[in-house]
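# Residue-level structural notes
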Amino acid sequence: MDQEYDVIVLGTGLKECILSGLLSVDGLKVLHMDRNEYYGGESTSLNLVQLWKRCKGSDTPPENLGLSKEYNVDMVPKFMMANGALVRVLIHTNVTKYLNFKAVDGSFVYQNGKIYKVPATDVEALKSTLMGLFEKRRARKFFIYVQDYEENDPKSHEGLDLNKVTAREVISKYGLDDSTVEFIGHALALHRDDSYLDKPAIDTIRRMKVYAESLARFQGGSPYIYPLYGLGELPQGFARLSAVYGGTYMLNKPECKVEFDDNGKAYGVTSECETVKGKKIVCDPSYLPSKVKKVGRVARAICIMSHPIPDTNDSHSVQIILPQKQLGRNSDMYVFCCSYAHNVAPQGRYIAFVSTEAETENPETELKAGIDLLGSVDEIFFDIYDRYEPTNDPLEDNCFLSTSYDATTHFESTVADVLAMYSKITGKEIDLSVDLSAASAAAEQ
């Protein structure tokens, strides 16, 4: 290993694989290593035997659950916004040719003990049972403003500079109820808390537009898409991409110790008594635990079911967001459900995840509101994991660390981290203006 690489990437989680692909396409010489013998890291995809072993400590699941190989259970399940940043990255890197997507059936929000379809356009606002008659009209006017808003057309701004005016001020102009603001902020704009209300409104308006444009792309019940066979195909897709552009992948490399010089700058990685040199090191928190801090924990329940989630119009795939105030919590709760329709489980089986930022040490109790929405479950596993964020300065040590995966069931925050890391590594912004028609959802079976 006497050659030097521009970038050495440690770990084959989704974030690391996306970065490896982007950097390879940029012409950088990339070496990608993982201490595990499989792709995916924390975001790996498991069959039933692997899931049983991980969660129950046994490798003999009940036969009535079906064949193990027909399960593809993603450990960090997240839907993709059809017009969102991840799909743009996939098209930019041409990884779409390795994947088939299928539209997700439903996008719902929890309010006053019930779940409702998330209205995203002026037409849907008028049909929604989430709001009363007068509130529907007010919401419709706001949605029309968002739909018509163009950043480069001052006529569409209605005298508001959204780079200065806060989201709270824009929303108050339309007199919307708190409950309407809640679903707009959390289920449409996908904010994780209410701090967005006192920040410039432009971010919220952009997020709402992406949601509405994504919803319009496939005329389905949601703005989301998901790969057939789950996310496990993604890391391998980026591995193929990296190889096409000269990148090198090495799995099952024990230890992967990052080496530092006397000035504290990383210069390479040692594994099996061999050191390979690299100008920059990219990795997940587990490879450099001394350069991260614990910032929270994610509690989640993994459920196997034999039916769709009740009150979701028999959706085979669905996201439900439970806003924090509805639960008297400090953070939102998320429900993800996918099924045999996306080839992640045997015929007639559904996989549901309930996740949230942990606020207690008892995930069973904490996740109850989300689990209660599922109806009867055949099997349920509880899990809790720590979230880390980097504390280092990459300019001082050449190390670029990703943050741990959060509780959300969509990719928006994950991709924001990846793009921020890309900019730090390369010193430039990535151009994601692409032809979105290149990513087509697979036809309904």
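Analysis parameters
Residue indices follow the written sequence of each chain, beginning from 1 at its first position. Only residues with pLDDT of 70 or above have their local features reported here, since the model is predicted, and side-chain atom pairs are shown and tallied only from 80 upward, although totals for entire chains, interfaces and linings are computed over all residues. The side-chain figures draw on all heavy atoms in the structure; neither hydrogens nor water molecules are used. Put simply, DSSP marks the helices as runs of H or I at least four residues long and the strands as runs of E at least two long, and each gets a number from the N terminus on. The atom set for the radius of gyration is the C-alpha atoms, and the globule formula is 2.2 Å times the number of residues raised to the power 0.38. Think of it in three bands: with a 1.4 Å probe and only protein chains considered, a residue is buried below 20% of the maximum accessible area for its type, exposed above 50%, and partly exposed in between. By definition in these notes, contact holds between two residues if any of their heavy atoms fall within 4.5 Å. Every accessible area reported is derived by Shrake-Rupley at a probe size of 1.4 Å, with residue values counting cover from the shown protein chains alone. Aromatic pairs are defined between Phe, Tyr and Trp rings, using the six-membered ring for Trp, whenever the two ring centres lie within 6.5 Å; interplanar angles under 30 degrees are classed as stacked, those over 60 as edge-to-face, and all others as tilted. Here, a salt bridge means any side-chain nitrogen of Lys or Arg that lies within 4 Å of a carboxyl oxygen of Asp or Glu. The criterion is simple. A nonpolar core is a set of buried Ala, Val, Leu, Ile, Met, Phe, Trp, Tyr and Cys residues joined through side-chain atoms within 4.5 Å. To get an axis, fit a line to the C-alpha atoms, keeping to the stretch in contact for a helix; angles then go from 0 to 180 degrees between the N-to-C directions. Convention used here: angles under 35 degrees read as roughly parallel, angles over 145 as roughly antiparallel, angles from 65 to 115 as roughly perpendicular, and any remaining angle as oblique. Residues are grouped as follows: Ala, Val, Leu, Ile, Met, Phe, Trp, Tyr, Cys and Pro are nonpolar; Asp, Glu, Lys and Arg are charged; all remaining types, including Gly, are polar.

## Considerations on the overall build of the protein chain
Looking only at helices and strands, the protein chain has 14 helices and 19 strands in total. By the compact-globule yardstick of 22 Å for 445 residues, the protein chain fits well, its C-alpha radius of gyration being 22 Å. Each principal axis of the C-alpha atoms in the protein chain carries an extent, and together these give about 70 × 60 × 40 Å. Going through the 445 residues of the protein chain one by one, you find that 56% of them count as buried. Taking the intrachain contacts of the protein chain between residues at least 6 apart in sequence as the baseline, contacts between residues at least 24 apart amount to 72%. Accessible area of the protein chain: about 18900 Å², with a carbon and sulfur share of 47%.

## Regarding the packing of aromatic side chains
One pass over the full model with this rule turns up 12 aromatic pairs. Ring plane angle 55° and centroid distance 5.3 Å describe the contact between Phe 142 and Tyr 174, whose orientation is recorded as tilted. Highlighted residues: Phe 142 in helix H5 (residues 133–148) and Tyr 174 in the loop between helix H6 (167–173) and helix H7 (178–188), separated in sequence by 32 residues. For the pair formed by Phe 142 and Tyr 174, the shared burial category is buried. For the ring pair Tyr 211 and Tyr 224, a centre distance of 6.3 Å and an interplane angle of 85° mean the geometry is edge-to-face. Separated by 13 residues along the polypeptide, Tyr 211 in helix H8 (residues 202–218) and Tyr 224 in strand S9 (residues 224–227) bring together distant segments of the chain. For Tyr 211, a relative accessible area of 1% gives the class buried.

## Some thoughts on the pattern of salt bridges
A complete count under the given rule lists 25 salt bridges for this structure. The salt bridge partner of Arg 329 is Glu 359, with a shortest N-O separation of 3.5 Å. Taken together, the residues span a long stretch of sequence, with Arg 329 in the loop between helix H10 (324–327) and strand S16 (333–339) and Glu 359 in the loop between strand S17 (350–357) and helix H11 (363–366) at a distance of 30 residues. When its relative accessible area of 11% is taken as the criterion, Arg 329 is described as buried. Look at the salt bridges and you will find they share partners, linking Lys 294, Arg 297, Glu 361 and Asp 386 into a network.

## Some thoughts on the nonpolar core
Of all hydrophobic cores here, the largest spans 102 residues; its most connected members are Met 80 and Phe 142. Core analysis: the second largest hydrophobic core is formed by 22 residues, Ala 299, Val 318, Ala 358 and Leu 374 among them.

## A few points about unusual backbone geometry
Here Asn 112, not a glycine, exhibits a phi torsion of approximately 50°, which is positive. Exposure remark for Asn 112: the relative accessible area of 65% places this residue in the exposed category.

## Description of the environment of Glu 42
Tracing the backbone through its elements, the reader meets Glu 42 in the loop between strand S2 (30–33) and strand S3 (45–46). Residue Glu 42 is classed as exposed on the basis of its relative accessible area, which comes to 53%. Once the C-alpha coordinates of Glu 42 and Val 73 are considered, the two residues, 31 residues apart in sequence, prove to be 12 Å apart. With residues near it in sequence (within four places) discarded, Glu 42 still touches Arg 54, Met 75, Val 76 and Tyr 405.

## Examining the packing of helix H3 (residues 85–93) against helix H14 (residues 412–426)
Where H3 meets H14, the closest approach of the two axes is 9 Å, and the angle between their N-to-C directions is 50°. In terms of orientation, H3 lies oblique with respect to H14. Judged by residue contacts, Ala 85, Leu 86 and Val 89 of H3 engage Glu 412, Val 415 and Leu 419 from H14. Class assignment of the residues belonging to the contact of H3 with H14 gives a composition of 5 nonpolar, no polar and 1 charged.

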